[in-house]
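Each chain, letter by letter, is given below.
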Amino acid sequence: MTYQNYSLKQLQQIDAAHHLHPFTDHKELREAGSRIITHANGPFIYDSEGTEILDGMAGLWCVNIGYGRDELAEAAYAQMKELPYYNSFFKCSTPTPVLLSKKLAEIAPKHVNQVFYGSSGSEANDTALRLVRHYWVLEGKPEKNRIISRKMAYHGSTVAGTSLGGMDAMHKQLGGAVPNIVHVMMPYAYELALPGESDHDFGLRAAKAVEDAILEAGADKVAAFIGEPVMGAGGVKIPPVSYWPEVQRICRKYDVLLMLDEVITGYGRTGEWFASQTLGIEPDTITTAKALTSGYQPLSALLVGDRIAATLVGKGGEFNHGYTYSGHPVACAVALKNLEIIEREGLVDRVRNDTGPYFAKALQERIAGHDLVGEVRSIGLMGAIEIVKDKATKERFLPSGSAAVTVRDHAIAQGMMLRATGDTMILSPPLIWTRDTIDMACERISKALDLAQADLRKR
Ligand SMILES: Cc1ncc(COP(=O)(O)O)c(C=O)c1O
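Report on the accompanying structure. (Residues numbered from 1 in each chain as written. Predicted model: local features only at pLDDT ≥ 70, side-chain atom pairs only at ≥ 80, totals over all residues.)

On to the nonpolar core. Val132, Ala224, Phe225 and Val407 are the most contacted members of the largest nonpolar core, which totals 128 residues. The biggest single contributor to this core is helix H14 (residues 329-344), with 9 residues. Looking at this core, you find at least three residues from each of domain 1 (35-65 + 346-458) and domain 2 (71-344). Once residues lying within four places of it in the same chain are set aside, the contact partners of Phe225 are Ile148, Val210, Val247, Cys251, Val256, Leu258 and Met259. (Core = buried A, V, L, I, M, F, W, Y, C linked by C-beta atoms within 7 Å. Buried ≥ 20, exposed ≤ 12 C-beta atoms within 10 Å, placed from the backbone. Helix = DSSP H or I, 4+ residues; strand = E, 2+ residues; numbered from the N terminus. Domains from an automatic or database assignment. Contact = placed C-beta atoms within 7 Å.)

Below is the structure:
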């Protein structure tokens, strides 16, 4: 690597001159200059100035086994030397996607036994959309092709991902979505429950919105419902426990397929391999990516349930879909090693039995009481902190989102990487976090909240 020959200023200048970043205001970025992360180890990332930052976001919901794992680098190196690439089109395969598919079928819910690979969560959702529509065509019901999604859902940034997602700002720039996708209310009790409405009742009302959308179109026109088990980028919105069983009941009643997007909840995040297992959901497709390789290689896997697979295989005919890098041998070798490490170190059980409950208690006892905090919530090692001006009325600071950015900036200055989304701070740390790391995070977040409060008061 030769980046060491460049100063921070030089790297920032070159970045500004040539590099367009995802989800970024480039005018703003060029004025501020990028933070350049140069290396990482365990739970910490380091910038070009040597600043150590505790990574509360596992990169971007990815690095479940933490940074600096030689075994993954060695798995990639060995595979690259033996067979760096071959495609899985034209009745060919390579060993690592074969073995990875077997492993995924073992850890996925029982009725889920097939895998379709891509390189990103967005691609896997494109595949899911194509596949469920193809399924209904094969079943002789081509008109059953509407997909129901939710407002504020995030399903990626390709045209299909953006269309499936429910982000207004993304839709505005799309200039024409994939047809026949509708969005219903999200199960976000903190802002949407009516005064006096219990969590349970709110969950049922939010699920009823799915039923209403099915009835409005006619069940014979609806292919599937898609949802993140816990909405992530939309603000770690954990639905009431009444929500998912009711959505599942409704989908079954009207013969609507259930597509779960587990791009951020897959591979241990909620204390089971998949959130569908934590929440008792039996989906027809499960979109996964990110922590499949702990982010060490780009790889996604759409896990496909037996119902769809039986039709696809049983009826035959080509599914006209696939990517050059579907089942990439190096990415799959890295995924296999990553899953082996998660298993060997008992990280899923640790989240379920130890760090997940400790994280929930720490947020409640040490963060929830702060004047700026309206609510904390978590599931496994995934959490949210609502930033408010007034705890009692839930009034937010204006302009919307500005207070959370203030908290985030102070958190980073305190050595704590957090993400701000709207007025919510979100956390999704590596699963290698221990009780000590959680304590360290709470200390830094508390300090950031104090400093942000002082700033916000001054404004
Ligand atoms: C739930 C969900 N689905 C899909 C995606 C898109 O994944 P990718 O950025 O790998 O395309 C993301 C990304 O954060 C996500 O959170």
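This paragraph deals with the site of the ligand. If you check the shell around the ligand, you find 15 residues, and the closest are Ser120, Gly121, Ser122, Gly156 and Val263. Looking at the shell around the ligand element by element, the count peaks at 3 residues for helix H6 (residues 121-138). Considering only residue class, the shell around the ligand consists of 5 nonpolar, 8 polar and 2 charged. (Near = placed C-beta within 6 Å. Nonpolar A, V, L, I, M, F, W, Y, C, P; charged D, E, K, R; others polar.)

This brings us to the sheet that holds strand E2 (residues 44-47). Note on sheets: strands pair through backbone hydrogen bonds, and any given pair is parallel or antiparallel. Spatially, the 4 strands line up as an open sheet ordered E1-E2-E3-E13, and their pairing is mixed. Edge positions in the open sheet fall to strand E1 (37-41) and strand E13 (416-417), since each of these has one partner strand only. Pairing of E2 with strand E3 (residues 52-55), which is carried by 3 bridges, proceeds in the antiparallel orientation. Across the sheet, residue Tyr46 finds its bridge partner in E3, namely Glu52. (Pairing = 2+ DSSP bridges.)

Side chains on a regular strand alternate between the two faces of the sheet. Here strand E10 (residues 300-305) lies mainly inside the structure; 6 of its 6 residues are buried. Because side chains alternate across E10, one face comprises the buried residues Ser300, Leu302 and Val304, and the other comprises Ala301, Leu303 and Gly305, equally buried. In this structure, strand E4 (residues 112-118) lies alongside E10, joined through 6 bridges in antiparallel fashion. Pairing of Phe116 across the sheet is with Leu302, part of E10. Relative to E10, strand E9 (residues 285-288) is paired through 4 bridges, and the arrangement is antiparallel. Bridging from a neighbouring strand, Thr285 pairs with Val304 of E10.

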